[in-house]
Structures are given as structure tokens and as C-alpha cells.
Amino acid sequence: MNNNISLRPLKDNIKDYQNLYKWCQDKAVYTYFEQRKLSMQEIVTKYKTRTNPNTKTPVYIIEYQNIPIGLIQYTVISSSIKQKYHLPKENTAYEIDIFIGESKYRNKGIGKIAIKLLINILTSPKNIFILVPEIKNKRAISCYQKVGFTKTITYQDYDTLNKNIQDKVVMVYIIKE
């Protein structure tokens, strides 16, 4: 299966936006990713800037045998967030978001492989990678632990709509020298 999975940059085209739209209508995705369904206009507005080579949040489409099945993205963490998460300030730290949008490809280890592929793209000594799932997202936590992420701290934060308090866990993976 490893050889069948690849990452490619999100493209500024209708096909990629349609896939994102379709995936963001799936309750299994939006429950943990946006907390609501996104309209096509919201998808285009949010992700169009992320196709720019200088974006602060590069987005990749996860493909299985060249079929788009999900999304993985990252952003460099600010020093204030590193402090909040108790991370060493001298290290470069990346926060990763991922989902498998096509339900028939879930629970097959693809998320684990996609995370490893992204880490390989970004790897240099002392890099830190974090994921911050909701504590109740057991499937995601299990996947991240299989990659080698460890739980560090838990905290409460508002969802993306700033309506509900969520219990979250910071999971960390550090590249050793």
C-alpha cells in the first residue's frame, strides 16, 4: 500500500475544490475539522490562498493510486504557541492537520503513511511536529500514536466556531539529530 500513496500540492482548480467541498460535507470530517459543513464559496475562499507557493499553510492532497482521498496541511508554529504547548523554543515546530475524506479509505493505515510522507518532506534535525486532536477523536489519536507521536499535555479550547469548549490533547513527534 505504501507505494500507492502520495501527496501533491493542492491546485487552484475546480476539481480540487469540489473534492474538498464533498469531503467537508461528511460528518466524520467536519465534526473534527471545521465543526460544520462548508459551502463551496467558503472552500474556495479558504483554500485558494493556500495554493500560493508562499502560503503559511501549505496544503497537500492525499492520493491513493492517483485518486484524491484526503487532505494534509501544516503551518509553522509561533513562539507563543510553542510556549503554550511546552515545546522547546529553539526548534522549528509544525502543526499538522489531516483527514481522509473518502470513507472507504479510512481505517486502512493511509493517514499514518501520509503523515510520514509529510514529515519526510519537512525533516531536518530538531524539527518538532504536533497534532492537536480532540480527546474524543480516538481514531485520530490511535493513528498518530502508530506514527510515533506521544501525548504531552491536555487543555481546553474553543472549537473553530468559538461556540463550544473542547478537550484537546497535544501530540508531539521530535526529529532527533
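Residues numbered from 1 in each chain as written. Predicted model: local features only at pLDDT ≥ 70, side-chain atom pairs only at ≥ 80, totals over all residues. Heavy atoms only, no water.

J.: Can you help me understand the overall build of the chain in this one?
T.: Along the backbone of the chain there are 6 helices and 7 strands. Reading the helices (α) and strands (β) of the chain from amino to carboxyl end gives β-α-α-α-β-β-α-β-α-β-α-β-β. Projecting the C-alpha coordinates of the chain onto the three principal axes gives extents of approximately 40 × 40 × 35 Å. Per-residue burial for the chain yields a buried fraction of 46% across its 177 residues. Residue pairs at least 24 apart in sequence account for 62% of intrachain contacts in the chain once pairs closer than 6 positions are excluded. Taking the average place of the 28 positive charges on the side chains of the chain and the average place of its 15 negative ones, the gap between the two points comes to 4 Å. (Helix = DSSP H or I, 4+ residues; strand = E, 2+ residues; numbered from the N terminus. Buried < 20%, exposed > 50% of the residue type's maximum accessible area, 1.4 Å probe, protein only. Contact = heavy atoms within 4.5 Å. Lys, Arg positive; Asp, Glu negative; His and termini not counted. Charge placed at Lys NZ, Arg CZ, Asp CG, Glu CD.)

J.: Looking at this structure, I do not really get the pattern of salt bridges. What am I missing?
T.: Between side chains of opposite charge, a pair can form as their charged atoms come close. In this structure the tally under the stated criterion is 6 salt bridges. For the salt bridge of Arg8 with Glu63, the shortest nitrogen-to-oxygen distance reads 2.7 Å. One end of the pair, Arg8, is in strand S1 (residues 5-9); the other, Glu63, is in strand S2 (residues 59-64), and 55 residues separate them in sequence. In this structure, Lys22 engages Glu102 in a salt bridge whose closest nitrogen and oxygen atoms are separated by 2.6 Å. Residue Lys22 is found in helix H1 (residues 14-23), and its partner Glu102 is found in the loop between strand S4 (93-100) and helix H5 (110-122); the two are separated by 80 residues along the sequence. Residue classification places Lys22 among the partly exposed positions, given a relative accessible area of 42%. Take Glu102: its relative accessible area is 19%, and that puts it in the buried class. The structure contains a network of salt bridges with shared partners spanning Arg8, Asp16 and Glu63. (Salt bridge = Lys/Arg side-chain N within 4 Å of Asp/Glu carboxyl O.)

J.: Help me understand the side chain of Lys168 in this model?
T.: Following the sequence through the fold, Lys168 ends up in strand S7 (residues 165-174). Under the relative-accessibility criterion, Lys168 is labelled buried at 15%. For Lys168, the side chain forms a polar contact with the side chain of Gln166, separated by 3.5 Å. (Polar contact = N/O pair within 3.5 Å; in protein donor to acceptor, adjacent residues only side chain to side chain.)

J.: Please clarify how the confidence of the model for the chain should be interpreted in this entry.
T.: The predicted coordinates of low-pLDDT regions are not to be read in fine detail. In the predicted model, the chain carries a mean pLDDT of 90, and 94% of its residues have values of at least 70. Mean pLDDT across the secondary structure elements of the chain bottoms out at helix H2 (residues 27-33), with 80, and peaks at S2, with 98. (pLDDT = per-residue confidence, 0-100.)

J.: Help me understand unusual backbone geometry, please; the structure alone is not making it clear to me.
T.: Excluding glycine, most residues fall at negative phi; most peptide bonds, likewise, are trans. With a phi angle near 60°, His86 is a residue other than glycine that sits in the positive phi range. Mapped onto the secondary structure, His86 falls in the loop between helix H4 (79-84) and S4. Taking the relative accessible area as the measure of exposure, His86 reaches 60% and is therefore exposed. In the Ramachandran plot, Asn107 falls in the positive-phi region, its phi being about 60° despite a non-glycine side chain. Following the sequence through the fold, Asn107 ends up in the loop between S4 and H5.

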